[in-house]
Amino acid sequence: MRKPLVAGNWKMNKTVTESVALIKELLDFIDGYQKTEVVICPPFTSLWVARELIQDTSIILGAQNIHYQNEGAYTGEISARMLQNIGCSYVIVGHSERRDYFKESSEVVARKAEQSLNFGIKPIICVGEKLVDRETGKTREVVKEELEAVFAILKAKEMANVVFAYEPIWAIGTGKSATPQDANEIIKYIRALIEDKYNETIAQKIRILYGGSVNQENISSLMAESDIDGALVGGVSLQAMPFSKLVKFQQL
Ligand code: 13P
């Protein structure tokens, strides 16, 4: 049985002051809720204060990006060791905004995932197609290419600590979510590729999230699907009450 995971990707939002306010509110609503694993991914500047507020609570800390080198002359970058030291258990890698705006290749994304695992941080590896890919029937091809770069680097024992997120780019921040059936179909396809490359046990164990305009209205129907194990949430994660409702989707 895969435990549901809801991760909030705050993207480039919230000052330290605003982060403190949001986390305090979140703790009021969801601290101690055990049915869903909850991860928040604030910007780097808020990681320390987030860690101070959520240590000894049920909320888990994640980051939004990582560099694949150990350390050195990489101005503006953040290493796995830094994230480990600040208490991050998860890191998002390969978000479509990074692939697109910062030209991260699938190979770079795979190296980031590998580096995070080297430091005991679980990567949430994002994959997903653009609207034009979907309209031209290339969804599976795009997702497969992104996954194969990861498969080329990660060994079976490392896969146990990986989370995937299927985020169709046309659904991100648009209010236009994929239908639960469409999302489930691609997530099942991802699971089948994992099984082909590794084995059934690993494929059944790995959690695969859906991301893209997840909200209070659609979370229950998404989570009712066989292979959707949780959500990677952008906009809604910036407000405590609606995000908490997503976390407690079992009660909706
Ligand atoms: P929205 O939930 O705002 O569509 O963002 C999804 C996302 O990109 C999460 O990583």
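What comes next concerns the included structure. Once a new chain begins, its residue numbering starts again from 1 and follows that chain's sequence as written. Reporting in this predicted model follows two pLDDT cut-offs: at least 70 for local features of residues, and 80 or more for side-chain atom pairs to be given and counted; totals over whole chains, interfaces and linings ignore these cut-offs and use all residues. Processing note: side-chain calculations cover all non-hydrogen atoms of the structure and skip hydrogens and water entirely.

### Comments concerning the pairing of strand E4 (residues 90-93)
Strand residues, when the strand is regular, have side chains that alternate between the two faces of the sheet. The test is simple: Only protein chains enter the area calculation, which uses a 1.4 Å probe; residues under 20% of their type maximum are buried, those over 50% are exposed, and those in between are partly exposed. Each helix is a run of DSSP H or I of at least 4 residues and each strand a run of E of at least 2, with the numbering of both proceeding from the N terminus. When DSSP finds at least two bridges between two strands, those strands are taken to pair. If you view a crossover with the strands going away from you and the path from the first strand over the helix to the second runs clockwise, you call it right-handed.
Residues Tyr90 and Ile92 point to one face of E4 and Val91 and Val93 to the other, with burial holding for every one of them. Judged from the two bridges that link them, strand E3 (residues 59-63) and E4 form a sheet pairing that is parallel. Bridge pairing in E4 links Ala63 to Val91. Taken together, E3, helix H3 (residues 80-86) and E4 form a β-α-β motif whose crossover is right-handed. Examined bridge by bridge, E4 and strand E5 (residues 122-127) share four bridges and lie parallel to one another. Within E5, the residue paired with Tyr90 across the bridge is Lys122.

### Considerations on unusual backbone geometry
At Lys103, a position not held by glycine, the phi torsion is positive, near 55 degrees. Assignment of secondary structure puts Lys103 in the loop between helix H4 (96-101) and helix H5 (106-118). For Lys103, a relative accessible area of 64% translates into the label exposed. A positive phi angle, near 60 degrees, is found at Ser213, a position not held by glycine. Looking at the secondary structure, you find Ser213 in the loop between strand E7 (207-211) and helix H11 (219-223). A relative accessible area of 16% means that Ser213 is categorised as buried.

### Comments concerning the nonpolar core
Heads up, the condition is: Think of a nonpolar core as a cluster: buried Ala, Val, Leu, Ile, Met, Phe, Trp, Tyr and Cys residues, connected wherever their side-chain atoms sit within 4.5 Å. The contact definition used throughout considers only heavy atoms, calling two residues in contact when any of these lie within 4.5 Å.
Among the nonpolar cores identified, the biggest contains 71 residues, and Met159, Phe164, Ile190, Ile194 and Tyr210 are the most heavily contacted of them. With seven residues, the single largest contributor to this core is helix H9 (residues 180-197). Discounting residues that sit within four places of it in the chain, Ile194 has contacts with Phe151, Met159, Phe164, Asn199, Ile202, Ala203, Ile206 and Ile208. Tyr90, Ile92, Ile124 and Cys126 belong to the second-largest nonpolar core, a separate cluster that totals twelve residues.

### Focus on the environment of Val16
Inspection of the secondary structure puts Val16 in helix H1 (residues 16-30). Taking the C-alpha atoms as reference points, Val16 and Phe44, separated by 28 residues in sequence, lie 9.8 Å from one another. Residues in contact with Val16, not counting those within four places in the same chain, are Thr45, Ser46 and Val49.

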